[in-house]
Protein chains: 2
Amino acid sequence: MADKQMQNANKNDQIAQLLSDQKAKLFRREYLDLHVHEQAQIFSDLDRTLRSRVYRYLSAEEVGDMFDAIEEEPEDVVRYFKEMPVQYAAKVIDEMYTDNAVDILAYAQNKDLTHYLLALPEERSAEIRELLHYEDKTAGALMTTEYVDIFADQDISSAIKDIREEAADAELIYYAYVVTNDNELIGVVTLRDLLTNPEETQISEIMTEPVISVPVDEDQTEVAQKVRDYNFVALPVIDYANKLVGIINVDDVIDVIDEENAGEYSGLAGVDTEETPENPFQASLKRLPWLLILLLMGMSTTTLIDHYEVLISQASILAVFVSLITGTAGNAGTQSLAVAIRGLSNSEEDRRSGLKTIFNELLTGLFAGVTTGLAVFLLVGFWKENFILGFVIGISMSTAITVATVAGSIIPLIMDKVGVDPAVASGPFISTLSDLTSVLIYFNIAHLFLSFFLNN
Amino acid sequence: MADKQMQNANKNDQIAQLLSDQKAKLFRREYLDLHVHEQAQIFSDLDRTLRSRVYRYLSAEEVGDMFDAIEEEPEDVVRYFKEMPVQYAAKVIDEMYTDNAVDILAYAQNKDLTHYLLALPEERSAEIRELLHYEDKTAGALMTTEYVDIFADQDISSAIKDIREEAADAELIYYAYVVTNDNELIGVVTLRDLLTNPEETQISEIMTEPVISVPVDEDQTEVAQKVRDYNFVALPVIDYANKLVGIINVDDVIDVIDEENAGEYSGLAGVDTEETPENPFQASLKRLPWLLILLLMGMSTTTLIDHYEVLISQASILAVFVSLITGTAGNAGTQSLAVAIRGLSNSEEDRRSGLKTIFNELLTGLFAGVTTGLAVFLLVGFWKENFILGFVIGISMSTAITVATVAGSIIPLIMDKVGVDPAVASGPFISTLSDLTSVLIYFNIAHLFLSFFLNN
């Protein structure tokens, strides 16, 4: 495996060298022989001089195919367009699949965008303009308009003829969507259906209906869930009048799944793990904002503890258990939060009603809290030979765990209702909140029993 | 949306009612009209009596198709096989795609497995037996043997004829793999290629070579990465002699991506978020093991703090800042851990060498630590009007953050090297470790400056 990668790396270097040496013909031969994914990888490593040679050596169509496979951020790819002559850039855009082109053009400056759109064929420019309107993270923003559509009254041989004609442009030809004259979506046939039935069969006889589809304003999480559920390689998108407006391909759905997961994960850790900056200084700059925000949030707990300094000076043993209580309650809160966020990211139908979830979490917190409290009561009681102290720690911990568990499930629900993405850093937020309540609970209970553990 | 789900739920109930009422014919009509995903959803909600009616009303082929879409855990599905007569179960297994059948049969008792294998056609039983041997989480365990293969010296029309014939059984017909007489994989053509070229073209002229493939013992993470990179809907699997042994479909890759992400996420939270138990008592039982382990790990920090109780009784102000320092260092450790685990889950080629990573994290930790330390020095200094105290807190926090950041990157690296999955609960583990070192660092530094903050 490592050997093969080494070979690839060498090969990539050799091809880049051909560019440096201005060997256009040899470069074309070697480069175009690669899969577009590999072409894109090589391209992403080039400097500006070499990139401009690529634009001269390759046709806009060839660059367009390669750009469909590029994995850089759209903010970066849009800069490549600026390096090209406008006419060339427009041709590259024209060659790309509409959904990919639109993802990138969303980051173009208005002035540049206007230039490209003017240079494009009118129909194409209208398509792009329309797709640019869809809200980010919806089905509309994910879909492409290059699909295959056929009519119910065609027979299989005529449908296959249509598919053949559309095959060069369509992003996916394995499903053909059946529409009315009004473009209303009424069925779907797979290429498999077409190949396994007699040529003279009417499409209406073999099409699957109703078609599973998503509305154009559907959230991308739901889109991903539907593709998961039905194991489709593409999903049709319809407007409010049930008209077919585009399809979403499975590779774009995988990107969505990765994006959502990274979001949840980053939220729990309080750091964006997606882009890894090259140098340690940049890395620390990325982590510092959250670290400092968390520090400030932590200061609130500190000032609360400070409030009880007199109590601590009278009974220093109390200080020993603060971390244990806040830590364990924090862990319980994080567990409950993780379950809640995963639950929210599941499709609507799996969600239980809010109140029931909260009640369930309250009971879960109580069970977990009482058990953990009992354990710590025994641990501390025997260790310090002081069961009153054990009782105070145990009861505080039970209460703190229950509160943290409920908070861990309520807060993401509230955030979701208010329209804030609960996955964004709610992890650290729950910890702080649970720290505060734990400290309050602990010192107030301890105060009631103060006489039992005054400093001797 | 909600309305539509309500309708679906009602419809599902109605269909289940047809079973209760023993209306076999009506049940067949309504049930078989649904997409297999929906059929499976209804089936999963039935009790044993109703399930046994399904086995009577539907043919083994119909149940097999539905079982391909079932989303329950294999441990549960294997129990359904036990409810059926052995011959019927074998027919269901025969109808299912091999990869799905094998996933489930991996959980069958040996005795049952033998019965099923004996009842299956010999070829089929051999296929299943072979697939059962592949190690979990490898390409071999993910792949199916129902692919389409053709020869390089065929022309397109004969290839399409072959595909037509295999279409009923193959799980995916959109790619046809080109093999030699020895079954060596030498190329691939898509159905698109076949439809857009003249019928008399030789396959050798249009096939893509070399083929991107994975070895049968490849880790599933790498498989997923390849499908992401190349946007394939299927990936061929080869053995050590470059012979085609199976294909992996994109829907199984999505399951892998979900599984890996859930693992990482659960690890960070210290709770398995995948299966959501029905009642709060079970939920708390699932969370308790980790909560108690974390409690015990937390006790180690507590006994360490206890060690410094005399110091605290002399200067209770010190107790106020313990949580702030351990908390912030813990956050820094979690950030670094999250980045490290994400890094490990990326494909091999993206990984930097271990030593370089650690050195980078050391520098990142230093930058972040010094900045945060400086902030807390000023915060505490002004708040308590005591810059010596601020200095002690600040320098302790800088050191603790640096140590936690490095630990957060080293520990998963070590776990990965030793062969333990670093995603499993390393989050809570890092927190405890960072708590311990933070407390040690803090009290030792504080001790040096004790005279400045003795209780008055």
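Residues numbered from 1 in each chain as written. Chains lettered and ligands numbered in written order. Predicted model: local features only at pLDDT ≥ 70, side-chain atom pairs only at ≥ 80, totals over all residues. Heavy atoms only, no water.

Caption draft 1: Geometry of the overall build of chain A. Regarding its fold elements, chain A presents 23 helices and six strands. For chain A, the C-alpha radius of gyration of 30 Å lies well beyond 23 Å, the compact-globule estimate for 456 residues. Each principal axis of the C-alpha atoms in chain A carries an extent, and together these give about 90 × 60 × 45 Å. Expressed as a percentage of the 456 residues in chain A, the buried residues total 55%. Considering only intrachain contacts with a sequence separation of at least 6, the fraction spanning at least 24 residues in chain A is 70%. Here chain A holds 31 positive side-chain charges and 72 negative ones, and the gap between their average locations is 6 Å. (Helix = DSSP H or I, 4+ residues; strand = E, 2+ residues; numbered from the N terminus. Rg over C-alpha atoms; globule rule 2.2 N^0.38 Å. Buried < 20%, exposed > 50% of the residue type's maximum accessible area, 1.4 Å probe, protein only. Contact = heavy atoms within 4.5 Å. Lys, Arg positive; Asp, Glu negative; His and termini not counted. Charge placed at Lys NZ, Arg CZ, Asp CG, Glu CD.)

Caption draft 2: Molecular detail of the UniProt feature "transmembrane region" (unreviewed entry) in chain A. Residues and elements named next belong to chain A. According to UniProt, the "transmembrane region" (unreviewed entry) feature falls on residues 288–305, 317–341, 362–382, 388–415 and 436–454. With 100% helix and 0% strand, residues 362–382 has its two end C-alpha atoms placed 30 Å apart. End C-alpha to end C-alpha, residues 436–454 measures 24 Å, and it is 68% helix and 0% strand. (UniProt positions renumbered as here; feature names shortened; annotations may be inferred.)

Caption draft 3: Region of the structure containing the UniProt feature "domain: CBS" (unreviewed entry) in chain A. Residues and elements named next belong to chain A. With numbering matched to this structure, UniProt assigns "domain: CBS" (unreviewed entry) to residues 143–205 and 207–263. Helix makes up 32% of residues 143–205 and strand 22%. Its end C-alpha atoms lie 28 Å apart. End-to-end, the C-alpha atoms of residues 207–263 are 39 Å apart, and along that stretch the chain is 44% helix and 23% strand.

Caption draft 4: The arrangement of the domain arrangement of chain A in detail. Taken as a whole, chain A is organised into domain 1 (2–137), domain 2 (148–249) and domain 3 (280–453). Spacing between the C-alpha centres of domain 1 of chain A and domain 3 of chain A amounts to 50 Å. (Domains from an automatic or database assignment.)

Caption draft 5: Structural context of the packing of aromatic side chains. The final tally for this structure, using the stated rule, is 39 aromatic pairs over all chains. With centroids separated by 6.0 Å and ring planes inclined at 65°, the aromatic side chains of A:Phe81 and A:Tyr116 adopt a geometry described as edge-to-face. Note that A:Phe81 is positioned in helix α6 (residues 74–83) and A:Tyr116 in helix α9 (residues 110–119), a separation of 35 residues in sequence. Summarising the aromatic geometry, the rings of B:Tyr230 and B:Phe232 are spaced 5.4 Å apart at their centres and angled 10° between planes, so their arrangement reads as stacked. Taken as a pair, B:Tyr230 and B:Phe232 share a single burial class, namely buried. Pairwise contacts between aromatic rings join A:Phe43, A:Tyr55, A:Phe67, A:Tyr80, A:Phe81, A:Tyr88 and A:Tyr116 into one cluster. If you follow A:Lys384 out to its NZ or CZ, it ends over the ring of A:Trp383, 4.5 Å from the centre. (Phe/Tyr/Trp six-rings, centres within 6.5 Å; stacked < 30°, edge-to-face > 60°. Lys NZ or Arg CZ within 6 Å of the ring centre and 35° of its normal.)

Caption draft 6: The relation of the copies chain B and chain A, seen in detail. In the superposition of chain B on chain A (RMSD 0.3 Å, axial shift 0.1 Å), the rotation amounts to 180°. Each copy turns onto its partner about a two-fold axis. (Least-squares fit on C-alpha atoms with pLDDT ≥ 70 in both.)

Caption draft 7: Molecular detail of the sheet that holds strand β4 (residues 214–215) of chain A. Residues and elements named next belong to chain A. Pairing in this open sheet of three strands is mixed, and the strands run β4-β5-β6 from one edge to the other. Strands at the two margins of the open sheet, each flanked by one partner only, are β4 and β6 (244–249). Relative to β6, strand β5 (residues 234–238) runs antiparallel, the two sharing five bridges. The residue bridging Pro236 from the neighbouring strand is Ile247, located in β6. Contacts between helix α15 (residues 220–230) and the sheet are confined to β4, β5 and β6, with β5 contributing the most and set at about 135° to the helix. (Pairing = 2+ DSSP bridges. Axes fitted to C-alpha atoms, helices over the stretch in contact; angles between N-to-C directions.)

Caption draft 8: Region of interest: the environment of A:Ala262. Residues and elements named next belong to chain A. Looking at where Ala262 falls in the secondary structure, it is placed in helix α16 (residues 250–269). With a relative accessible area of 3%, Ala262 lands in the buried category. Residues Ala262 and Leu378, spaced 116 residues apart in sequence, show a C-alpha to C-alpha distance of 41 Å.

Caption draft 9: How the structure looks around the nonpolar core. Among the nonpolar cores identified, the biggest contains 193 residues, and A:Phe43, A:Phe67, A:Phe81, B:Phe43, B:Phe67, B:Phe81 and B:Met84 are the most heavily contacted of them. Setting aside residues up to four positions removed in sequence, B:Phe81 forms contacts with B:Phe67, B:Ala89, B:Val92, B:Ile93, B:Met96, B:Ile104, B:Leu105 and B:Tyr116. (Core = buried A, V, L, I, M, F, W, Y, C linked by side-chain atoms within 4.5 Å.)

Caption draft 10: Here's a closer look at the interface of chain B and chain A. Taken together, the 114 residues of chain B in the interface contact 113 residues of chain A. Taken together, both faces of the contact between chain B and chain A bury some 9,800 Å²; the carbon and sulfur share is 63%. Run the count over chain B and chain A and you get six salt bridges. Salt-bridge contacts for A:Arg228 lead to B:Asp258; the nearest nitrogen and oxygen are separated by 2.5 Å. In this structure, the connection of chain B to chain A is made through 26 residue pairs in polar contact (both at pLDDT 80 or more). Considering each element in turn, the side of chain B that touches chain A owes the most residues, 18 residues, to helix α17 (residues 280–307) of chain B. (Buried area = accessible area lost by both parts, 1.4 Å probe. Salt bridge = Lys/Arg side-chain N within 4 Å of Asp/Glu carboxyl O. Polar contact = N/O pair within 3.5 Å; in protein donor to acceptor, adjacent residues only side chain to side chain.)

Caption draft 11: Here's a closer look at the sheet that holds strand β4 (residues 214–215) of chain B. Residue and element names in this part refer to chain B. Judged by pairing direction, the sheet is mixed, and its three strands sit side by side in the order β4-β5-β6 without closing on themselves. Each of the sheet's edge strands pairs with one partner strand only, and the pair in question is β4 and β6 (244–249). Relative to strand β5 (residues 234–238), β4 runs parallel, the two sharing two bridges. Bridged to Val214 within β5 is Val237. Contacts between helix α15 (residues 220–230) and the sheet are confined to β4, β5 and β6, with β5 contributing the most and set at about 135° to the helix.

Caption draft 12: Inspection of the pattern of salt bridges at higher detail. Applying the stated criterion across every chain, the model contains 24 salt bridges over all chains. Of the charged contacts in the structure, one is a salt bridge between B:Arg287 and A:Glu361, with a shortest N-O distance of 2.8 Å. Pair noted here: B:Arg287 is in helix α17 and A:Glu361 is in helix α21 (residues 354–384), and the two residues belong to different chains. Overall, the relative accessible area of 8% leaves A:Glu361 in the buried class. Its salt-bridge partner being B:Arg124, residue B:Asp94 comes within 2.7 Å of it at the nearest N-O pair. Pair noted here: B:Asp94 is in helix α7 (residues 86–95) and B:Arg124 is in helix α10 (residues 122–131), with a separation of 30 residues, a long-range link. When salt bridges that share partners are traced, they join A:Asp94, A:Arg124, A:Glu127 and A:Glu146 into one network.

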